Amino acid sequence: MRNIALRLAYDGTDFIGSQYQNQGRSVQEALEQAWEGLTQERRRVNLAGRTDAGVHAIGQVANIRTETRHSRRTILRGMNAKLPPDVAIQAVAEVNDDFHARHSAHRRSYRYLIDNNAAWLPHLRNYVWFVEQQLDQAAMAEALVRLEGTHDFAAFTALVPEQRSTVRTCYTARLHPVTMFDRHLMAIDLAANAFLQHMVRVIVGTVVLVGRGKITPDGFQSILEGRDRKAAGPTAVPHGLTLVSVGYPPGLLRWDDGATPE
């Protein structure tokens, strides 16, 4: 048995999410169908992170245990030939038997894009949250930095899991400008050891209220410390969110394209 890791990208617009659900297309199902078409094996694919309907990825990681003798290059080319056009394998690696895409990960990084211009650009409608009201970016950046460190993020999750901790360590929380199609956008980058359900989207929905002047940066910190979801802002739309990368301990994973996990 071999254990193969895949780094993949997908446009989440037409998926119900990354994981199997009762109805609709899922990324997991697309991968498993492509794998069966390539190797004639029915195998379960493990994904590093769960993404909701409409959420995208450029650095999702999966692993699959297999008896195939296909080379890594053949797996890359063969899978991409059989996958639908909104999913593509970016790199392949052979990993130790105990590697698990989700359980072995120690860091996840997300980016959320906000378009704060006077009118929307149709090309970006599936990839950004268009917010017409002018936002105070300095106040938003000041609020976000309060998230860095180890905190209880119960205020920023859709559902507090029973008998499970809502404490997470946030490594990065920052706002900075990016450009797409000559369009100036805001990027909110968040990296943590793990994320709670809808955590990034609730953080973004709340920090946009800071940008609108509805909450001060100190008020944002009070919401974090208060652990009350009702005090936080709305859940931001899913299509502005992208899973950028998944990090693993040094030496555990080496991609064919030379990329090093965080």
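As the structure is a prediction and not an experimental result, all values here were calculated from the model.

Conventions and cut-offs
- Residues numbered from 1 in each chain as written.
- Predicted model: local features only at pLDDT ≥ 70, side-chain atom pairs only at ≥ 80, totals over all residues.
- Heavy atoms only, no water.
- Helix = DSSP H or I, 4+ residues; strand = E, 2+ residues; numbered from the N terminus.
- Buried < 20%, exposed > 50% of the residue type's maximum accessible area, 1.4 Å probe, protein only.
- Arc of directions from axis to C-beta.
- Contact = heavy atoms within 4.5 Å.
- Axes fitted to C-alpha atoms, helices over the stretch in contact; angles between N-to-C directions.
- Parallel < 35°, antiparallel > 145°, perpendicular 65-115°, else oblique.
- Left-handed = near helix turned anticlockwise from the far one by under 90°.
- Nonpolar A, V, L, I, M, F, W, Y, C, P; charged D, E, K, R; others polar.
- Polar contact = N/O pair within 3.5 Å; in protein donor to acceptor, adjacent residues only side chain to side chain.
- Pairing = 2+ DSSP bridges.

1. Concerning unusual backbone geometry
Even without being glycine, Gln40 reaches a positive phi, approximately 60°. Relative to the assigned elements, Gln40 resides in the loop between α1 (27-39) and β2 (46-47). The exposure class of Gln40 is exposed, given its relative accessible area of 63%. The phi dihedral of Phe181 is positive, around 50°, even though this residue is not glycine. Since its relative accessible area comes to 58%, Phe181 is described here as exposed.

2. Regarding helix α2 (residues 72-82)
Those residues of α2 that sit buried are Ile75, Gly78 and Met79. Looking down the long axis of α2, one finds its buried residues gathered within 100° of arc, a one-sided arrangement. More than 90 degrees from the buried face of α2, the exposed residues found are Arg73, Arg77 and Ala81. Packed against the buried residues of α2 are β1 (2-10), α1 and β4 (87-95).

3. Digging into the packing of helix α3 (residues 137-144) against helix α4 (residues 199-211)
Helix packing for two helices is described by the angle between their axes and how far apart those axes are. At a closest axis distance of 8 Å, the pairing of α3 and α4 adopts a crossing angle of 135°. Taken together, α3 and α4 sit at an angle that is classed as oblique. Where α3 crosses over α4, the handedness of that crossing is right-handed. Mapping the contact onto sequence places Ala139, Met140, Ala143 and Leu144 in α3 and Ile203, Val207, Val208, Val210 and Gly211 in α4. Its residues placed into classes, the contact of α3 with α4 shows eight nonpolar, one polar and no charged.

4. Looking at the side chain of Thr39
Among the structural elements, Thr39 can be located in helix α1. Residue classification places Thr39 among the buried positions, given a relative accessible area of 11%. In this structure the side chain of Thr39 is engaged in a polar contact, spanning 2.8 Å, whose partner is the backbone oxygen of Trp35. Polar side-chain contacts of Thr39 include one of 3.1 Å to the backbone nitrogen of Glu41. When near neighbours in sequence (up to four residues on either side) are disregarded, Thr39 contacts Thr68 and His70.

5. Focus: the pairing of strand β9 (residues 183-192)
Here β9 lies mainly inside the structure; nine of its 10 residues are buried. With seven bridges joining them, strand β5 (residues 107-115) and β9 adopt antiparallel strand pairing. Bridge assignment links Leu113 to a residue of β9, and that residue is Ala187. Relative to β9, strand β8 (residues 167-180) runs antiparallel, the two being bridged by 10 bridges. By the bridge assignment for β9, Thr179 is matched with His184. Counting the residues between successive antiparallel strands, the hairpin from β8 to β9 contains two residues, one of them, Phe181, with a positive phi of roughly 50°.

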